[in-house]
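Chain residues, written in single-letter form:
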Amino acid sequence: MVFSSQLFLYGFLPIFFSLYYLINDRRKNWLILTASLIFYGVGAGSTVLVLLASIWVNQFLAVRIEPAAPRRRSVLLALGVTINLLGLAYYKYGSFLWHLAGDGFAAAGLPPLPVAPEIPLPVGISFFTFQAVSYLIDVYRRKIPAAGSYGEFAVYHSLFPQLVAGPIVRYREIRLEMGQRRIDREALTSGAYRFCLGLGKKMVIADNLGTVADSIFALPASELGFAHAWVGILCYSLQIYFDFSGYSDMAIGMGRLLGFHFPENFDQPYRSASVTEFWRRWHMTLSRWFRDYLYIPLGGNRHGALRTFANLWIVFFLCGLWHGAGLTFVIWGLYHGLLLVLERLADTHLGWRPSGLAGMAITFLLVTLGWVFFRAPTLPAAGHYLSAMFLLGSPASAYQPIATYLTLDTLFYLALGLIFAFAPMERLYQLRFDRLSLLATQLGVASLSLVYSSLLLAANSFNPFIYFRF
């Protein structure tokens, strides 16, 4: 059950919010907790027990970290972080590490390992694990007190709008709203508008461009031409942006409908003039998490250039690994770490920083090349795809005309995606609307997005969000 499914849109959502606005405030959190566990359990099955265990373990440790003496607090924090990361490592990377070990045994001429056991991956474990770690560290640093009860922490940790694909909401960002939330006309209007806008991003732009990207990435090397490769990766670059930012918009919108203020997660990242700026605009809650809980504790940029470069590579190696258990994700992360290092070297040694339209074009090109590793199933497949993009290796011997993929519909959705990705939206926000005009505009956009998305949902097969894989 995900946000763009008929079960969620026409079943879960109206029933939940009808009850939410009817019951008194003291019972709202219990309704959220019940609904969140149902929402998670429908898709996750028995792995909901992993989420329940995470709730109990992290709150158990947090209430003991808070009053403890410094040494005991450090031990409890280390224990909590270790438990969380070991759980993530087992469920997400167990099979991957087993296969790597098997390859190593084969290379060394040793007897093969038994077949890797199938380990069910709990949906959203990467997200709620990082939330739990941030909670324990913030309690340890005395930035926040521990949650007042297991029930309160359970509501935060299982909050269904952001449970399985972010944004990564820290407890301190919504702590005060856990007990008292204001739901007024502005919250309802902006929340519904944001939800419908995100649904449109997903259903109208991401899914239609994703169909083209999937078709082209599925082509064998003999049928993958130069033009096909560039069209495919351009479609995927827009697909992953509108898919993920669409989910974040829907989560933020539902948060407003509940009375919460979730942090923003995207700020038109493809308008960035440098890779450094890109990571300040792309998946911002994840970037800030790595900055505050890994990069700065490692020393940040306080211990010289070499240490700074090493810290960046460590962060982006782990960022790539966080996204998926595969060498393609590791290469993607190291690639971005290398780009950040090169940007810093250019700034410190040459006094040059990318800027303006040229910087934006170069950054978009570099980010787009990186998406090849992110999308390709294997490193050899990524290599074949990049070869086709740059006319290296053997040319495609038999391929369909590019017009097969670049239809009028595709051109329309590409144009729509490029406009929303690159148009200076901040200028639109600077326009002054009276409240009635703003309300009418939001209502019109939300209604159009909802109706068209519903028609697409009824006509097309279901296409889950990309980030559910992670």
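Here the structure is a predicted model, which means the values were calculated and not measured.

Each value, and the rule that gives it
- Residues numbered from 1 in each chain as written.
- Predicted model: local features only at pLDDT ≥ 70, side-chain atom pairs only at ≥ 80, totals over all residues.
- Heavy atoms only, no water.
- Helix = DSSP H or I, 4+ residues; strand = E, 2+ residues; numbered from the N terminus.
- Buried < 20%, exposed > 50% of the residue type's maximum accessible area, 1.4 Å probe, protein only.
- Contact = heavy atoms within 4.5 Å.
- Areas by Shrake-Rupley, 256 points an atom, 1.4 Å probe, with all protein chains shown as cover.
- Lys, Arg positive; Asp, Glu negative; His and termini not counted.
- Charge placed at Lys NZ, Arg CZ, Asp CG, Glu CD.
- Phe/Tyr/Trp six-rings, centres within 6.5 Å; stacked < 30°, edge-to-face > 60°.
- Salt bridge = Lys/Arg side-chain N within 4 Å of Asp/Glu carboxyl O.
- Axes fitted to C-alpha atoms, helices over the stretch in contact; angles between N-to-C directions.
- Parallel < 35°, antiparallel > 145°, perpendicular 65-115°, else oblique.
- Left-handed = near helix turned anticlockwise from the far one by under 90°.
- Nonpolar A, V, L, I, M, F, W, Y, C, P; charged D, E, K, R; others polar.
- Core = buried A, V, L, I, M, F, W, Y, C linked by side-chain atoms within 4.5 Å.
- Expected span 1.5 Å × (residues − 1).
- Patch = residues over 30% accessible without salt bridge, like charges linked within 9 Å, V, L, I, M, F, W, Y side chains within 5 Å.

A.B. asks: Run through the overall build of the protein chain, naming residues and quoting values.
C.D. replies: Counting secondary structure elements, the protein chain contains 18 helices and zero strands. In terms of its C-alpha atoms, the protein chain occupies a principal-axis envelope of roughly 65 × 60 × 50 Å. Looking at the protein chain as a whole, 51% of its 470 residues qualify as buried. Put simply, of all contacts in the protein chain between residues at least 6 apart along the chain, 77% involve residues at least 24 apart. A total of about 22200 Å² of accessible surface is found on the protein chain, and carbon and sulfur atoms cover 66% of it. Counting 35 positive and 24 negative side-chain charges, the protein chain places the centres of these two groups 9 Å from one another.

A.B. asks: Can you break down the packing of aromatic side chains residue by residue, with the values?
C.D. replies: Taken as a whole, this structure holds 55 aromatic pairs when the rule is applied. Consider the rings of F278 and W282, whose centres lie 5.5 Å apart with planes at 20°: the pair is stacked. The pair formed by F278 and W282 is uniform in burial state, with each residue classed as buried. Between the aromatic rings of W289 and Y293, the centroid separation amounts to 5.3 Å while the plane-to-plane angle is 50°, which identifies the pairing as tilted. Of this pair, W289 and Y293 both sit in helix α11 (residues 284-295), four residues apart, which is roughly one turn of that helix. This pair shows no difference in class: W289 is buried, exactly as Y293 is.

A.B. asks: Requested: an account of the pattern of salt bridges, with residues and values cited.
C.D. replies: Within the structure shown, the criterion is met by 15 salt bridges. Between D249 and R194 there is a salt bridge, with its nearest N and O atoms 2.8 Å apart. Placement of D249 in helix α9 (residues 226-258) and of R194 in helix α8 (residues 185-217) is noted, with a sequence separation of 55 residues between them. Pair check on accessibility: D249 and R194 agree, each one buried. The partner of D249 in a salt bridge is K201, and the shortest N-O contact between them spans 2.7 Å.

A.B. asks: How would you summarise the packing of α8 against α9 if you had to cite specific residues and measurements?
C.D. replies: It is the contact of α8 with α9, at a shortest axis distance of 6 Å, that shows an interaxial angle of 160°. When the axis of α8 is compared with that of α9, the two are roughly antiparallel. Helix-helix and strand crossings are classified by hand; for α8 and α9 the assignment is left-handed. Across the contact of α8 with α9, the residue classes break down as 22 nonpolar, ten polar and eight charged.

A.B. asks: Hey, could you go over the nonpolar core for me, with residue numbers and the actual values?
C.D. replies: Ranked by internal contacts, the top residues of the largest apolar core, which has 134 residues, are F8, F16, Y135, Y270 and W371. The element best represented in this core is α9, accounting for 17 residues. Aside from chain neighbours lying at most four places away, what touches W371 is I233, Y236, S237, I240, Y270, F278, W282 and W332.

A.B. asks: Talk me through helix α12 (residues 305-323); I want residue IDs and the actual numbers.
C.D. replies: Here α12 is 19 residues long and its end C-alpha atoms lie 27 Å apart, about the 27 Å a rise of 1.5 Å per residue gives. Within α12, the full set of buried residues consists of T308, F309, N311, L312, V315, F316, C319, G320, L321, W322 and H323. The inward-facing, buried residues of α12 contact α4 (70-107), α5 (125-140), α10 (275-281), α11, α13 (327-350) and α14 (356-375).

A.B. asks: Before we move on, could you go through the environment of W30 and cite the residues and values that matter?
C.D. replies: Here W30 is to be found in helix α2 (residues 25-44). According to the relative accessible area criterion, W30 is exposed, its value standing at 55%. Between the C-alpha atom of W30 and that of G151, which follows or precedes it by 121 residues, the distance is 8.0 Å.

A.B. asks: Describe in detail the environment of R288, supporting the description with residues and values.
C.D. replies: Position of R288 relative to the elements: it lies in helix α11. Take R288: its relative accessible area is 25%, and that puts it in the partly exposed class. In this structure, the C-alpha to C-alpha distance between R288 and I168, residues 120 residues apart in sequence, is 9.5 Å. Not counting chain neighbours up to four residues away, the residues in contact with R288 comprise R170, P263 and E264.

A.B. asks: How would you explain unusual backbone geometry if you had to name every residue and give the values?
C.D. replies: We note that R142 has phi near 60°; this positive angle belongs to a residue other than glycine. Structurally, R142 can be placed in the loop between α5 and α6 (150-158).

A.B. asks: Outline a nonpolar patch on the surface, supporting the account with residue identities and numerical values.
C.D. replies: Together, L97, L100, L327, I331 and L379 make up an exposed nonpolar region whose accessible area comes to about 390 Å². Within the residue set of the nonpolar patch, elements represented by two or more residues are α4 and α13. Tracing the chain through its elements places L379 in helix α15 (residues 379-389).

A.B. asks: Hey, could you go over the packing of α9 against α15 for me, with residue numbers and the actual values?
C.D. replies: Axis angle and axis distance: for two packed helices, these are the angle between their axes and the distance between the axes, and together they describe the pair. Where α9 contacts α15, the two axes come as close as 7 Å, and the packing angle between them is 115°. The angle between α9 and α15 places the two elements in the roughly perpendicular class. Remark: the crossing between α9 and α15 carries left-handed chirality. Contacts between α9 and α15 pair F226, H228, A229, W230, G232 and I233 from the former with Y385, A388 and M389 from the latter. Partitioned by chemical class, the residues of the contact of α9 with α15 number seven nonpolar, two polar and no charged.

A.B. asks: Go over the environment of P120 with me, naming the residues and quoting the values.
C.D. replies: Note that P120 resides in the loop between α4 and α5. Sequence-distant contacts of P120, defined by excluding residues within four places in its chain, comprise T47 and Y91.

A.B. asks: Go over the side chain of S248 with me, naming the residues and quoting the values.
C.D. replies: Position of S248 relative to the elements: it lies in helix α9. By relative accessible area, which is 2% here, S248 ends up buried. Excluding residues within four positions of it along the chain, S248 makes contact with N265 and F266.

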